[in-house]
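Take a look at the letters that make up each chain.
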Amino acid sequence: MDSVTRLGVVGCGLMGSGIAEVAARQGLDVRVAEATPDALETGRRRITASFDRGVQRGKLSEVERDQALARLSFTHDLADLADRQFVIEAVAENRGIKTDVIQGLDKALEDPAAILATNTSSIPIVDLAVATERPGKVIGMHFFNPVPVQGLVELIPAITTSQETVQRTRDLAARLGKQPIQAPDRSGFVVNALLVPYLLSAVRMVESGGARPEDIDQGMELGCAHPMGPLRLLDLIGLETAQAVAESMYEEFKEPLYAPPALLRRMVAAGHLGRKSGRGFYIYD
Ligand code: 3HC
């Protein structure tokens, strides 16, 4: 089986743009699909700005940036991904939207051997796999934010996923410079199953008036050497994403530990989504 050279990425938000950036830097021909012209333009600008920052920090030359940008193409139409050997969907963490995208890709891809990976944080992979005509070729590939920095990718085979799909995905992860770990197809996989209860506990601590966000964050940063405390991290992840992940985990296990606290829901309802909206537990410029 040929190694992957033509990659598709669906969704150009925080995760999709990071995946596209990393893949283009590693020499892959990357086509990015987004639903609306505005979202596409925002994603394109985010990728270009990240490459420019890389040049300013001396991580890549102007020539390397221009070569990477030339490997990226953009479209509004999933049909334009027809020739891709491997597609990673990174659309919003919403079961209905992800199912529609996976089904659209299943129809669009010409090669029946092409692999469909989902960057879901919490939706069971098997549910997405059985929505397609190629359940053996569907796998979870969960990246971490910011994608260009975090070294991990979780590989999550569904019970329908073939060994060959797992191996090809492992090879692609290595090509992208990421260290894969294999995770079980249960909501939250490995990392979010541990991380989300911790993040929600920090929200509950604020909610109950137990401690201020700055004190909680400093506690974990200086006391436990975490690069950022739980509330700063929630602001980075996006509060609506964290809520969606917690809801999926709660739906699966009915564990009170996973239930999104009222404060998180209220902040999401108010549009206080974290860095992306300029306000979350902190205010951003
Ligand atoms: N793109 C590319 N590079 C970036 C970047 C980005 N978006 N953000 C930061 N960097 C690079 C900087 O260029 C810098 O590189 P250098 O040291 O080689 O010059 C390095 O990362 C450190 O950045 P900064 O000095 O600006 O800032 P910090 O030292 O505070 O690091 C951070 C920022 C990398 C975000 C760090 O705080 C961190 O790792 N935080 C934890 C992030 C984390 O836990 N992510 C996982 C979230 S969970 C998830 O994604 C799963 C989902 O399902 C919920």
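Everything quoted here is computed from the prediction, not taken from an experiment. (Residues numbered from 1 in each chain as written. Predicted model: local features only at pLDDT ≥ 70, side-chain atom pairs only at ≥ 80, totals over all residues. Heavy atoms only, no water.)

Caption draft 1: Up close: the packing of aromatic side chains. Across all of its chains, the model carries 1 aromatic pair by this definition. An angle of 55 degrees between the planes, with centres 5.8 Å apart, marks the rings of Phe253 and Tyr258 as tilted. Among the residues examined, Phe253 registers a relative accessible area of 27% and is labelled partly exposed. In this structure Tyr258 comes out as buried when scored by relative accessible area, which is 10%. For Arg44, the ring lying beneath its charged end belongs to Phe74, and the centroid distance is 4.5 Å. (Phe/Tyr/Trp six-rings, centres within 6.5 Å; stacked < 30°, edge-to-face > 60°. Buried < 20%, exposed > 50% of the residue type's maximum accessible area, 1.4 Å probe, protein only. Lys NZ or Arg CZ within 6 Å of the ring centre and 35° of its normal.)

Caption draft 2: Broad picture of helix α4 (residues 95–108). Given a rise of 1.5 Å per residue, 14 residues ought to cover 20 Å, and the 20 Å separating the end C-alpha atoms of α4 matches this to within 8%. By the burial criterion, the buried members of α4 are Lys98, Thr99, Val101, Ile102, Leu105, Asp106 and Ala108. Check the buried side of α4 and you find it contacts β1 (6–10), β4 (86–89), β5 (115–118) and α5 (125–129). The opening residue of α4 is Asn94, an N-cap whose side-chain oxygen sits 2.9 Å from the backbone nitrogen of Gly96. (Helix = DSSP H or I, 4+ residues; strand = E, 2+ residues; numbered from the N terminus. Expected span 1.5 Å × (residues − 1). Contact = heavy atoms within 4.5 Å. Polar contact = N/O pair within 3.5 Å; in protein donor to acceptor, adjacent residues only side chain to side chain.)

Caption draft 3: Geometry of the nonpolar core. In terms of nonpolar packing, the biggest core is built from 34 residues, with Val30, Phe86, Ile88, Met141, Phe143 and Leu172 touching the most fellow members. When residues in this core are grouped by element, the largest group, 6 residues, is from helix α1 (residues 14–25). Those residues within four positions of Phe86 in sequence are excluded, and the remaining contacts are Val4, Arg6, Leu7, Gly8, Ile115, Ala117, Met141, Thr169 and Leu172. Within the second largest apolar cluster, 23 residues are counted, among which are Val203, Leu231, Ala246 and Leu273. (Core = buried A, V, L, I, M, F, W, Y, C linked by side-chain atoms within 4.5 Å.)

Caption draft 4: The arrangement of the side chain of Asn145 in detail. Mapping Asn145 onto the fold places it in the loop between β6 (138–143) and β7 (152–157). Its relative accessible area of 18% is what places Asn145 among the buried residues. Polar side-chain contacts of Asn145 include one of 3.3 Å to the backbone oxygen of Leu236. Setting aside chain neighbours within four positions, we find Asn145 in contact with Leu14, Met15, Gln150, Leu236 and Ile237.

Caption draft 5: Region of the structure containing the domain arrangement of the protein chain. What the domain assignment reports for the protein chain is domain 1 (6–182) and domain 2 (191–277). Taking the mean C-alpha position of each, domain 1 and domain 2 sit 26 Å from one another. In this assembly, domain 1 packs against domain 2 so that about 810 Å² is buried in total across both faces, 59% of it on carbon and sulfur atoms. On the domain 1 side of the interface with domain 2, the three residues burying the most area are Glu93, Ser122 and Asn145, jointly 41% of the side's total. Counting the contacts that link domain 1 with domain 2 gives 1 salt bridge. Scanning the region where domain 1 abuts domain 2 turns up 4 residue pairs in polar contact (both at pLDDT 80 or more). Across the side of domain 1 that touches domain 2, the residue classes break down as 6 nonpolar, 4 polar and 3 charged. (Domains from an automatic or database assignment. Buried area = accessible area lost by both parts, 1.4 Å probe. Salt bridge = Lys/Arg side-chain N within 4 Å of Asp/Glu carboxyl O. Nonpolar A, V, L, I, M, F, W, Y, C, P; charged D, E, K, R; others polar.)

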